[in-house]
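Observations on chain architecture
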Amino acid sequence: MDKKGMEPIANEKAPKRPVIIRGGMLLTMTGDLEPLQKTDIYISGGVISTIGKPSCHDEPVDAEIIDAANCIVAPGLVNLHTHLAMTLFRGYSDDLPLNRWLFEKIFPAEAAFLSPKTVYWGALLGCLEMISSGTTCFADGYFFPDSTLHAVSDSGMRALIAQGVIDFPAPGVENPEENVKAAAAFIEKQDNQATLVTRGLFCHSPVTCSAETLRHAADISRRHRVPIQIHLSETRSERQEIQAAHRMKPVDYLESLGVLGPDLIAVHAVHVDEEETLRLKENGVKIVHTPESNMKLCSGVAPVRRYIKAGMHVTLGTDGCASNNDLDMLREMDKAAKLSKVVEKDPTSLNACTVMKMATSWGAEALGLGMSIGTLEVGKRADLMLIDTDAPHLCPLYDPYSALVYAARGSDVRDVFIDGVPVYRNRRFTRFDPEEIMERVRQLIAGWQA
């Protein structure tokens, strides 16, 4: 890929030197979820090596000591659904019905503006936004995925990056007959630099992808043992269209094609009935709840409590910035909890601890990374965030889960570590100059609109 014009001013990549995060309030997301008060975390070689109270045991002489006395220390947030480079369309054509917004505004804008260069800078902007609000890992599906992968690798984030597949001419894949072939080629590429990235495939929806495309995409994904993502039953009209065309409900339709399985990540899943819920559960399908995007586009409210009661570990995602308009998972947690209470008419529905699981451990599990990240445990990779609680809106602090879900903001994140590397320290990026990246995006937008 031609990387001309894709060279941000980067700081020296931080070495994985030993780190001791001292005296924080830990939310390990394990066991009974009881917070650990004034507890240390030792990080060595990118791995959590020790968790415990300060003691007299030897400390590495070259360790960096981080004071977390006024901080909540928690696993990094996992955003299970983004279209990362859609930061370029943040605020573009808001307040429209989904089909009009998508077909009359977004698809034409993507065709006119997206390129390897614009996607790179838009994706890098998204990485900065996520890092600064505590997200360390995410799942993405969009066009020009090589550019997204390049940006994500530069940012130091962990991710599933997928080639978007749709049965229309698309940016980077003008011939729709080549869509799955292009996705397969992307998955099969080798890149020793992107060690924290998994490649994958994202089918847009059962409406915009034919039965043949869906079958072929599922076969490709399973052959390479990578997840397959899809928008499922996002709107009532989509559900009706599938039923009219195939005389089956959307979930039954995907099952008839052999698409359902534990490797399928189904996004939105708003208009799903109880029988379909059972099918999803039986097939081990992963569900991604995107409350802010669903509200903004008036798509409806996913039956999250029903999914959880069925024994499913529902995850959480922001969607792209064109339909949200931000990538702040702390805000997403707040909306998820409150929306469930309103819809279920039950104040106990979807409590703060459950929402935290959706954004951490359950998200990691859905990506097949539950053994590596999602909780703070000895032996796991050190993907974590420090939330500064020294703020009026976080005082007093009775329950740290409640504070994070209902009161915290992305701007409260002080430090972020990914794979043991400090990518955000004292609210400053360690790898890039954010002003450089934002200015590049502004210039690109100005050139497009001229």
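Above this text sits the structure in question.
What counts as what
Residues numbered from 1 in each chain as written. Predicted model: local features only at pLDDT ≥ 70, side-chain atom pairs only at ≥ 80, totals over all residues. Heavy atoms only, no water. Helix = DSSP H or I, 4+ residues; strand = E, 2+ residues; numbered from the N terminus. Rg over C-alpha atoms; globule rule 2.2 N^0.38 Å. Buried < 20%, exposed > 50% of the residue type's maximum accessible area, 1.4 Å probe, protein only. Contact = heavy atoms within 4.5 Å. Patch = residues over 30% accessible without salt bridge, like charges linked within 9 Å, V, L, I, M, F, W, Y side chains within 5 Å. Areas by Shrake-Rupley, 256 points an atom, 1.4 Å probe, with all protein chains shown as cover. Salt bridge = Lys/Arg side-chain N within 4 Å of Asp/Glu carboxyl O. Axes fitted to C-alpha atoms, helices over the stretch in contact; angles between N-to-C directions. Parallel < 35°, antiparallel > 145°, perpendicular 65-115°, else oblique. Left-handed = near helix turned anticlockwise from the far one by under 90°. Arc of directions from axis to C-beta. Polar contact = N/O pair within 3.5 Å; in protein donor to acceptor, adjacent residues only side chain to side chain. Pairing = 2+ DSSP bridges.

**Describing the overall build of the protein chain**
Regarding its fold elements, the protein chain presents 15 helices and 17 strands. The C-alpha radius of gyration of the protein chain comes to 21 Å, within 12% of the 22 Å expected for a compact globule of 450 residues. Once the C-alpha set of the protein chain is aligned to its principal axes, its extents read approximately 70 × 55 × 40 Å. Classification of the 450 residues of the protein chain by burial places 60% in the buried group. Long-range contacts, defined as pairs at least 24 residues apart, comprise 74% of the intrachain contacts of the protein chain with a sequence gap of at least 6.

**Quick word on unusual backbone geometry**
For the peptide bond that leads from N324 to N325, omega is 25°, which places it in the cis range. Counting through the fold element by element, N325 comes out in the loop between β13 (315-316) and α11 (329-344). The amide bond that connects C395 to the next residue, P396, takes the cis arrangement and shows omega of -5°. Position of P396 among the secondary structure elements: in the loop between β14 (384-388) and α14 (400-407). Positive phi, close to 50°, is recorded for N426, a residue that is not glycine.

**Observations regarding a nonpolar patch on the surface**
On the surface, a nonpolar cluster with roughly 230 Å² of combined accessible area is contributed by V301, V342 and V343. Checked against the element boundaries, V342 lands in helix α11. The class of V342 is exposed, set by a relative accessible area of 58%.

**Brief notes about the packing of helix α12 (residues 352-359) against α14**
Relative to each other, α12 and α14 sit at 70°, their axes nearing to 9 Å. Considered as vectors, α12 and α14 are oriented roughly perpendicular to each other. The chirality of how α12 crosses α14 is left-handed. Contacts between α12 and α14 involve A352, C353, V355 and M356 on the former and, on the latter, Y401, S402, L404, V405 and Y406.

**Thoughts on the environment of K335**
Following the sequence through the fold, K335 ends up in helix α11. Accessibility expressed as a relative area gives 26% for K335, which makes it partly exposed.

**Concerning helix α8 (residues 274-282)**
Those residues of α8 lying buried are E276, T277 and L280. Down the axis of α8, the smallest arc covering the buried residues is 105°, so these residues share one side. Residues E274 and E282 are exposed on α8 and point more than 90 degrees away from its buried face. Between the side-chain oxygen at the start of α8 and the backbone nitrogen of E275 there is a gap of 3.1 Å, and the oxygen is on D273.

**A word on the pattern of salt bridges**
This model, assessed by the stated rule, comprises 31 salt bridges. Of the charged contacts, one joins E178 and K181 as a salt bridge, the two residues approaching to 3.9 Å between their closest N and O atoms. Owing to a relative accessible area of 32%, E178 belongs among the partly exposed residues under this scheme. Linking D415 and R425 is a salt bridge whose minimum nitrogen-to-oxygen distance equals 2.5 Å. Separated by 10 residues along the polypeptide, D415 in strand β15 (residues 413-418) and R425 in strand β16 (residues 421-425) bring together distant segments of the chain. Take R425: its relative accessible area is 17%, and that puts it in the buried class.

**Some thoughts on helix α3 (residues 145-155)**
Each full turn of the α-helix corresponds to 3.6 residues, which orients residues three or four apart in the same direction. Among the 11 residues that make up α3, 10 are buried, leaving the element largely enclosed by the rest of the structure. Contacts from the buried residues of α3 go to α2 (116-131), β7 (135-142), β8 (158-165), α4 (179-188), β9 (197-203) and β16. Immediately downstream of α3, the backbone of G156 shows phi near 90°, a positive value.

**Some words on the sheet that holds β9**
Pairing between the strands of a sheet is mediated by backbone hydrogen bonds and can be parallel or antiparallel. Strand order in the open sheet formed by 8 strands is β6-β7-β8-β9-β10-β11-β12-β13, and the pairing between neighbours is parallel. The outermost strands of the open sheet, each flanked by one partner alone, are β6 (77-82) and β13. Both β7 and β8 contribute to a ladder of 6 bridges, which runs parallel. In the strand pairing of β8, A139 is matched with L160.

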